[in-house]
Amino acid sequence: HPPERFSLSYLPPTVAARFREALACFSSGLWQAFAAMCRQTARATFEDVGETGRLRIFDLVAEVQELGAIDDATFSAVRRIIFDPDAGKQEPEYDRRQAAVLLETMKDLLTQTYVRRAKLRQALKVRRFFANQAAGIEEEETEIPARKV
């Protein structure tokens, strides 16, 4: 397998560290280890975004199933890995197909939760700078207040 790629720079360090390991497991074909690291990535994400963010992520994950036209059996395994804190005690075997769906779901979840927000904030900051410059406004660099999911 070629190494899986994902820009970890936008993720909080605890989330990035876990997902980096998950990607390494996926690239090595270690599906059970990959599922376990995705579970840890999800837990770290939920700790970061709080209960409101967790509910939003639940909706994002449901949307992935709909957009991807993913069958219920495959997606129930994905949901169990991401949301069931007791999963992992008696794990079923995960196969390559389920791991592929989990990978794309996790990438989308992390993109929507962290990457999209960071890129949008950066783009707005640049636009505001040039708009102010064109208008002759000298303003100190102000950050857009951070708001987690």
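Here is what the cut-offs are and how they apply
Residues numbered from 1 in each chain as written. Predicted model: local features only at pLDDT ≥ 70, side-chain atom pairs only at ≥ 80, totals over all residues. Heavy atoms only, no water. Helix = DSSP H or I, 4+ residues; strand = E, 2+ residues; numbered from the N terminus. Expected span 1.5 Å × (residues − 1). Bend = angle between axes of the 7 residues up to and from the residue. Phe/Tyr/Trp six-rings, centres within 6.5 Å; stacked < 30°, edge-to-face > 60°. Buried < 20%, exposed > 50% of the residue type's maximum accessible area, 1.4 Å probe, protein only. Lys NZ or Arg CZ within 6 Å of the ring centre and 35° of its normal. Salt bridge = Lys/Arg side-chain N within 4 Å of Asp/Glu carboxyl O. Core = buried A, V, L, I, M, F, W, Y, C linked by side-chain atoms within 4.5 Å. Contact = heavy atoms within 4.5 Å.

Participant: I tried to follow helix H2 (residues 31-68) on my own but got confused; where do I start?
Facilitator: Since there are 3.6 residues in each turn of an α-helix, residues three or four apart along the chain are aligned in direction. Here H2 contains 38 residues, and its C-alpha end-to-end distance of 21 Å is more than 12% below the 56 Å for a straight helix at 1.5 Å per residue. Within H2, the axis deviates most sharply at Gly-50, by approximately 120°. Count one or two residues on from H2 and you reach Ala-69, which has phi positive near 50°.

Participant: For this particular structure, what's the right way to read the packing of aromatic side chains?
Facilitator: Between two aromatic rings, the relevant description is the distance of the centres plus the angle of the planes. Under the criterion given, the structure shown has 5 aromatic pairs. Plain terms: the ring middles of Phe-26 and Phe-34 are 5.1 Å apart, the flat faces sit at 65° to each other, and that makes the pair edge-to-face. Across this residue pair, the class does not change: Phe-26 and Phe-34 are buried. Put simply, the rings of Phe-26, Trp-31 and Phe-34 touch in pairs and so form one group of aromatic residues. The ring of Phe-46 has Arg-54 sitting right over it, with the charged end atom 4.5 Å from the ring centre.

Participant: What's the story with the pattern of salt bridges in this structure? I'm lost.
Facilitator: When their charged atoms lie close together, side chains carrying opposite charge are able to pair. This model, assessed by the stated rule, comprises 3 salt bridges. We note a salt bridge from Glu-4 to Lys-107, for which the minimum N-O separation is 3.1 Å. Of this pair, Glu-4 sits in the segment before helix H1 (13-27) while Lys-107 sits in helix H4 (residues 96-134), placing them 103 residues apart in sequence. The exposure class assigned to Glu-4 is partly exposed, which follows from its relative accessible area of 26%. Here Lys-107 falls in the buried class, since its relative accessible area comes to 15%. Across the pair Asp-71 and Arg-97 runs a salt bridge, and its minimum N-O distance is 2.9 Å.

Participant: Just to check I follow, could you spell out the nonpolar core for this structure?
Facilitator: In summary, soluble globular proteins display a tendency toward joint burial of nonpolar side chains. Core analysis: the biggest nonpolar cluster contains 39 residues, and Leu-11, Phe-19, Phe-34, Ile-57, Ile-82, Leu-102 and Leu-110 have the highest contact counts within it. Per-element accounting of this core gives the leading share, 13 residues, to H2.

Participant: In this structure, what is going on with unusual backbone geometry? I would like to understand it.
Facilitator: With the exception of glycine, the majority of residues adopt a negative phi angle, and the majority of peptide bonds are in the trans configuration. For Ala-69, which is not glycine, the phi torsion reads 50° and is therefore positive. Within the fold, Ala-69 resides in the loop between H2 and helix H3 (72-83).

Participant: I keep staring at the environment of Thr-74 and nothing clicks. Help me out?
Facilitator: Locating Thr-74 in the fold gives a position in helix H3. Look at Thr-74 and you get buried, because its relative accessible area is 3%. Measuring from C-alpha to C-alpha, the distance between Thr-74 and Gln-98 comes to 5.9 Å, with 24 residues separating the pair along the chain. Other than its neighbours up to four places away in sequence, Thr-74 contacts Arg-97, Gln-98 and Val-101.

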